[in-house]
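Summary of structural features
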Amino acid sequence: MSVEDAPYLDVMAGPGLCKLKETGEEFPGSPFVALAHEFHEFILIEDDPQLADVLKQRVAKHPKGSLVKIIPENWVEVAEQGCLRFRDDTLVVAFIDPTGISQVPMKAILQLTKTRRIDLLVTIQHSLGITLNVPQYIKSESEQTALEAFLDSGDWRKWKWREASEFARKAIDAFSERIQKEGFIGTRHISVPPDQPLYRFTLFSRHSLAEKFWNEILRIDETGQRELHF
Ligand SMILES: C[S@@+](CC[C@H](N)C(=O)[O-])C[C@H]1O[C@@H](n2cnc3c(N)ncnc32)[C@H](O)[C@@H]1O
C-alpha cells in the first residue's frame, strides 16, 4: 500500500495557529503540524465560520494548500451523514481535539470506527469537561447529559466513587473501553500538563505497530522526563 492512501482528518481543526495567552507566543495548530507530513489529503472540519475562514486563508498560502479540503460544519453531523467513512484499503489518521466532552459524542466516534484502518488520536478533556461538572451530572435526572452522550451509556449512575477525580478516571476508562470494544488497542495515556493534568492524550488503533510507534514517540529519557518526538 502506498502513502497515496493516507488522508489526515482533523474533525475540530481550529484556526490553524495557536497563541499562548501568557506570553503571546504563536505556534502552528494541528492542521499545520499535519501539513508538515506526507499525507496525500487533509480534511479539516471546523464549525465556527470565522475560524474556518481564517483557516482557509492560512491554508491557501501553504504549498500543499491544494491537498486540503475544509468543511465548515459540525463534525458530528458530517459523521452521521456517513461522510467520514473511508474505503477499507485507506489508512486514515484522525485527530479529535475538543474543548469539552460534549463535542465528542460516542455515536460520532463510532461512525469513525467504521473505517477499518483508522487511527484515532484523541484528547480527553477530563478536568474541565468531567471533574468540574460531576455535581451537575449527579443532580441531572435527564438521561441526555453530555456524559451520557460521551459514553453512549448511563451506567455511570451506578458507579461507586469518592472524589470527583476518581469519577473522571472511571469516565475516561469507560470511554476508552467502549472504543476498544470495536477492536482497537488502547495505548498509554499521557496527562497534559504533567503536573496539573487538564486532559489526556491517547491513540487508538487496530494495528499493534501503532502502539509500538506511540511508545517510541513517548519515550522517557534518562532523567525520567517524558519527551514528545514528532
Ligand atoms: C481545541 S480546539 C482545536 C485546536 C486544534 N486542534 C489546534 O491544534 O489548533 C477545538 C476546535 O473545535 C471547534 N469545534 C467545536 N465543536 C465542533 C464541532 N462539533 N464540529 C466542528 N468543530 C468544532 C472549535 O470551534 C475549536 O476551534
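Computed from a predicted model, the values in this text were never measured in an experiment.

**What to know about the site of the ligand**
Residues in contact with the ligand amount to 19 residues; listed here are only the nearest, Ser-30, Glu-46, Asn-74, Trp-75 and Asp-97. Contact distances for the ligand include 2.7 Å between a nitrogen atom and a side-chain N or O atom of Ser-30. With respect to the ligand, the side chain of Glu-46 contributes an N or O atom lying 2.7 Å from an oxygen atom.

**Section: helix H7 (residues 164-180)**
Between its first and last C-alpha, H7 extends 24 Å over 17 residues, near the 24 Å set by a 1.5 Å rise per residue. Listed in full, the buried residues belonging to H7 are Phe-167, Ala-168, Ala-171, Ile-172, Phe-175, Ser-176, Arg-178 and Ile-179. Against helix H4 (106-112), strand S7 (118-124), helix H5 (134-139), helix H6 (146-151) and strand S10 (199-205) lie the buried residues of H7.

**Let's talk about the nonpolar core**
In terms of nonpolar packing, the biggest core is built from 41 residues, with Leu-9, Trp-75 and Leu-120 touching the most fellow members. Breaking this core down by element, the ones donating at least two residues are strand S4 (41-45), helix H3 (75-80), strand S6 (92-96), H4, S7, H5, H6 and H7. For this core, the element with the most residues is H7, which contributes six residues. Discounting chain neighbours no more than four positions away, the residues touching Leu-120 are Ala-94, Ile-96, Ile-109, Leu-112, Thr-113, Ile-179, Phe-184, Thr-202, Leu-203 and Phe-204. Among the nonpolar cores identified, the runner-up in size contains 20 residues, and Phe-32, Phe-95, Ile-190 and Phe-201 belong to it.

**Some thoughts on the pattern of salt bridges**
Opposite charge on two side chains lets them pair, provided their charged atoms get close. For the coordinates displayed, the defined rule picks out seven salt bridges. Residue Asp-88 is joined to Arg-116 by a salt bridge in which the shortest nitrogen-to-oxygen separation is 3.8 Å. Of this pair, Asp-88 sits in the loop between H3 and S6 while Arg-116 sits in the loop between H4 and S7, and the two are 28 residues apart along the sequence. Among the residues examined, Asp-88 registers a relative accessible area of 36% and is labelled partly exposed. The salt bridge partner of Glu-182 is Arg-178, with a shortest N-O separation of 2.8 Å. Looking at Glu-182, the relative accessible area reads 29%, which means it is partly exposed.

**Overview of the packing of aromatic side chains**
This structure, assessed with the given rule, holds ten aromatic pairs. Here the aromatic rings of Tyr-137 and Trp-156 are separated by 6.2 Å at their centres, their planes lie at 65 degrees, and the arrangement is edge-to-face. Residue Tyr-137 is found in helix H5, and its partner Trp-156 is found in the loop between H6 and H7; the two are separated by 19 residues along the sequence. Looking at Tyr-137, the relative accessible area reads 7%, which means it is buried. Both rings, one in Phe-150 and one in Phe-175, keep their centres 4.3 Å apart while their planes meet at 5 degrees; by these two values the pair is stacked. Here Phe-150, found in helix H6, pairs with Phe-175, found in helix H7; they are 25 residues apart in sequence, far enough to count as distant. No difference in accessibility class separates Phe-150 from Phe-175, as the two residues are buried.

Conventions used here
- Residues numbered from 1 in each chain as written.
- Predicted model: local features only at pLDDT ≥ 70, side-chain atom pairs only at ≥ 80, totals over all residues.
- Heavy atoms only, no water.
- Near = heavy atom within 4 Å.
- Polar contact = N/O pair within 3.5 Å; in protein donor to acceptor, adjacent residues only side chain to side chain.
- Helix = DSSP H or I, 4+ residues; strand = E, 2+ residues; numbered from the N terminus.
- Expected span 1.5 Å × (residues − 1).
- Buried < 20%, exposed > 50% of the residue type's maximum accessible area, 1.4 Å probe, protein only.
- Contact = heavy atoms within 4.5 Å.
- Core = buried A, V, L, I, M, F, W, Y, C linked by side-chain atoms within 4.5 Å.
- Salt bridge = Lys/Arg side-chain N within 4 Å of Asp/Glu carboxyl O.
- Phe/Tyr/Trp six-rings, centres within 6.5 Å; stacked < 30°, edge-to-face > 60°.

Any functional reading would require information that these geometric values do not contain.
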